[in-house]
Every structure is written in C-alpha cells, then in structure tokens.
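Secondary and tertiary structure notes
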Amino acid sequence: MNHLHATELQELVAIARRIGWGAADILLNVQHADLAIQDSADGPVTAADTAVDAYILNNLQASLGKQDFAYLTEETYKTQPSHERLAKPLVWVIDPLDGTKDFINGTGEYAVHIALLAGNRPILAVVVCPAAERLYFATLGGGTFVEHQHEAPKPIYVSQRNRLGEMTIVASRSHRNDRFVQLLQQFPVQQQRSVGSVGGKIAAILEQQADLYLSLSGTSAPKDWDLAAPELILTEAGGQLTHFDGTPLRYNQEDVSQWGGLLASNGQCHDVLCAEATRILGAIDGK
C-alpha cells in the first residue's frame, strides 16, 4: 500500500471528510463553560482537544485499521515510540484543534487538520474551519476543493496577485518574538491581517483574503500536524510552501518540529520573497 491509486485516495479522502465534519460538530457543541483548561509546555490543552483527538483516531482506525497505517497526533506523539510511525510508509497526521487559544477565546479562528503522508510528503489533506462551516480538502495531483456541509464541493484557487504592494501577509496575534517582528517590519509586503491557527491562515490565502504567511521558529517551532494538511490544500490550489531556502518540508522525521523560516504564498513571487526573507534575516543576525 505504499503507492495508492487515485480511486483509493478518493475513498480515503471521503472517509477523512466525514470524520472532519464530525470533529467540527464536537467543537461547535462544546460549551466554553465546560472547558477543562490545563497549561502544558506547548500551550493550553482543553477537554475539546482530547475528545476530538480520540474521535478522529477511533474513526480512522475503525475504518482503516492499524496494519497499513501509522498515526501521529498532537495528543499522542509524546507517548508513542517514534519507530512505530517511522517504519510505516503511510502515516496519518492529525491536529484535533489547531488554534487552541483562539478556541478558548471564542474568536472562531481555529481548525482541524487531517493529513495522510506517503513517506515524508502529504498526499491527502483535510482542513476544517468549524466556525466558518467550511471544509477544504485536497489529494496530490487532484486539486483543492471547498465544501459547506450538505453542499457539493467546489474547486478553489489562490489569488494571482503578483505586485508586492497589493499583497497581504496573514500573521499570528501571538507567536511573535523580536526577530520575527523585525523581519515583518523590513519585509517588502507590508499589508497584514491577523488570523489565528495555521489552518485558518492558509484558508485565508485560499479564499484570496491574503497571499502570504511567514513562520519563523524561536524557542519552539511549528510541528508536522500544524503544517502537513495546510501545505497540501495550499499547493494543490496553486500556492507554495517551502523553507526560506526554497527546499520542501519533510514530515514524519524523528524530530517533528519544523525549524527555521517557512514561507507560504500564492506562488506568484515565492522565490523572490524567500530570497528577501533570507537577506533580511542575515542582516538582523549580523551575518
């Protein structure tokens, strides 16, 4: 099962979409009064995270089993021996609640990510934005689609904006260290809009409300489950997501952190903006 046929991928994406909508229902039905907020090293963890994580895992494993697939989720990876997933050619990567702080604060800017990796690259992705009642899905080579519940999916594409003065960066409200603030201040694209969760940011690029997203690791870095599903829905819609040096991301490594600088874009000026980000950071770091 290393290489899935297109029909198999379509069957798997149908399963993942169904589970994605079920996860959205759980999150929308959780009352904020019921949130059991615990501070972990990676930020607040809620009862919703663990409930949705169990729901997605249980449903995927009930449909597909554990023989052909490994499972990597934000909630279970610390207790799971890495050799279990590294030995399997097909790995589901799950973020049950991307943007926990936004969920707790009631902004609606949170998402659910479900991706399937073959080797170290995504071949299937579902990103659900429950509050917006939208689900995005993509398969490698099959394009990206958006669907509202009980409506037929429609193809979706990134913007064609290619003038830096007309482009918009989507940025976090939090996760800003001094180095990142300096990079944004000197970056050739200056229009900004704030959106929580990586899934929400990439959705904003798909909806043509923004064109770029920058990530720069500090003491911590985004993890595989933050990026694998958003990357595929972006690239299949015509965008790009790479390290600042232009190299692709590699998922399902021993270390699931994605260190360094990452640029997601509508693909129009990607190489130029990567080069600019590298140049600016070099100057900031005094290299």
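Structural data are supplied above this passage.
Predicted, not measured: the structure shown is a model, and the values here were computed from it.

What follows deals with the layout of surface pockets. Space inside the second largest pocket adds up to approximately 250 Å³. Around the second largest pocket sit 16 residues that line it, and Ala132, Val195, Gly200, Ala203 and Gln209 are the ones nearest its centre. Among the elements of the structure, strand 7 (134–139) and helix 6 (198–206) are those that each provide at least two residues to the lining of the second largest pocket. In terms of residues, the lining of the second largest pocket owes the most to one element, helix 6, which gives three residues. Of the residues in the lining of the second largest pocket, the class split is eight nonpolar, four polar and four charged.

Before going further, it helps to spend a moment on the packing of aromatic side chains. The final tally for this structure, using the stated rule, is four aromatic pairs. A ring pair is formed by Phe69 and Trp92, whose centres lie 6.0 Å apart and whose planes are at 45°; its orientation type is tilted. Of this pair, Phe69 sits in the loop between helix 2 (47–64) and strand 3 (70–73) while Trp92 sits in strand 4 (residues 90–98), and the two are 23 residues apart along the sequence. Accessibility expressed as a relative area gives 3% for Phe69, which makes it buried. Taking the relative accessible area as the measure of exposure, Trp92 reaches 0% and is therefore buried. For the ring pair Tyr77 and Trp225, a centre distance of 4.8 Å and an interplane angle of 55° mean the geometry is tilted. Of this pair, Tyr77 sits in the loop between strand 3 and helix 3 (82–86) while Trp225 sits in helix 7 (residues 224–235), and the two are 148 residues apart along the sequence. Sitting over the face of the ring of Phe137, Arg17 holds its NZ or CZ atom 4.2 Å from the ring centroid.

It is worth spelling out the pattern of salt bridges at this point. All chains considered together, the criterion is met by six salt bridges. One salt bridge in this structure joins Arg161 and Asp211, with 2.9 Å as the shortest N-O distance. One end of the pair, Arg161, is in the loop between strand 9 (154–155) and strand 10 (168–171); the other, Asp211, is in the loop between helix 6 and strand 12 (212–216), and 50 residues separate them in sequence. By relative accessible area, Asp211 is classed as buried at 0%. For the salt bridge of Glu276 with Arg279, the shortest nitrogen-to-oxygen distance reads 2.9 Å. Note that Glu276 and Arg279 are positioned in helix 8 (residues 270–284) at a spacing of three residues, about one turn of the helix.

The next thing to look at is helix 5 (residues 178–186). Along helix 5, the residues that are buried comprise Phe180, Leu183 and Leu184. Taken end-on, helix 5 shows its buried residues confined to a sector of 95°, consistent with a single buried face. Those residues of helix 5 that are exposed and aimed more than 90 degrees away from the buried face are Asp178 and Gln185. On its buried side, helix 5 packs onto strand 10, strand 11 (191–194), strand 12 and helix 8.

This paragraph deals with the sheet that holds strand 8 (residues 143–147). Across the sheet, seven strands lie side by side as 3-4-5-6-7-8-9; this open sheet has mixed pairing. Edge strands, defined here as strands with exactly one partner in the open sheet, are strand 3 and strand 9. Contacts between helix 2 and the sheet are confined to strand 3, strand 4 and strand 5 (111–118), with strand 4 contributing the most and set at about 155° to the helix. Against the sheet, helix 7 engages strand 3, strand 4, strand 5, strand 6 (121–129), strand 7 and strand 8, with an angle of about 95° to strand 6.

Further remarks concern the sheet that holds strand 13 (residues 240–243). Taken together, five strands build an open sheet; the order of strands is 11-10-12-14-13 and the sheet is mixed. The open sheet has two edge strands, strand 11 and strand 13, and neither has a second partner. Pairwise comparison of adjacent strand axes, ignoring direction, gives a mean angle of 25° for this sheet. In terms of strand pairing, strand 12 meets strand 14 (residues 261–265) through five bridges, oriented antiparallel. If you follow Ser215 over to strand 14, its bridge partner there is Leu262. Sheet strands in contact with helix 5 are strand 10, strand 11 and strand 12, and its direction is about 150° off that of strand 12. Together, strand 10, strand 12 and strand 14 form the strand contacts of helix 6, whose direction differs from that of strand 12 by roughly 150°.

Each value, and the rule that gives it
- Residues numbered from 1 in each chain as written.
- Predicted model: local features only at pLDDT ≥ 70, side-chain atom pairs only at ≥ 80, totals over all residues.
- Heavy atoms only, no water.
- 1 Å grid on protein atoms, 1.4 Å probe; cavity = no way out; pocket = protein on both sides within 12 Å on 5 of 7 lines; lining within 4 Å.
- Points joined across faces, edges and corners; volume = space filled by probe spheres on them.
- Helix = DSSP H or I, 4+ residues; strand = E, 2+ residues; numbered from the N terminus.
- Nonpolar A, V, L, I, M, F, W, Y, C, P; charged D, E, K, R; others polar.
- Phe/Tyr/Trp six-rings, centres within 6.5 Å; stacked < 30°, edge-to-face > 60°.
- Buried < 20%, exposed > 50% of the residue type's maximum accessible area, 1.4 Å probe, protein only.
- Lys NZ or Arg CZ within 6 Å of the ring centre and 35° of its normal.
- Salt bridge = Lys/Arg side-chain N within 4 Å of Asp/Glu carboxyl O.
- Arc of directions from axis to C-beta.
- Contact = heavy atoms within 4.5 Å.
- Pairing = 2+ DSSP bridges.
- Axes fitted to C-alpha atoms, helices over the stretch in contact; angles between N-to-C directions.

That's the geometry; what it means functionally is another story.
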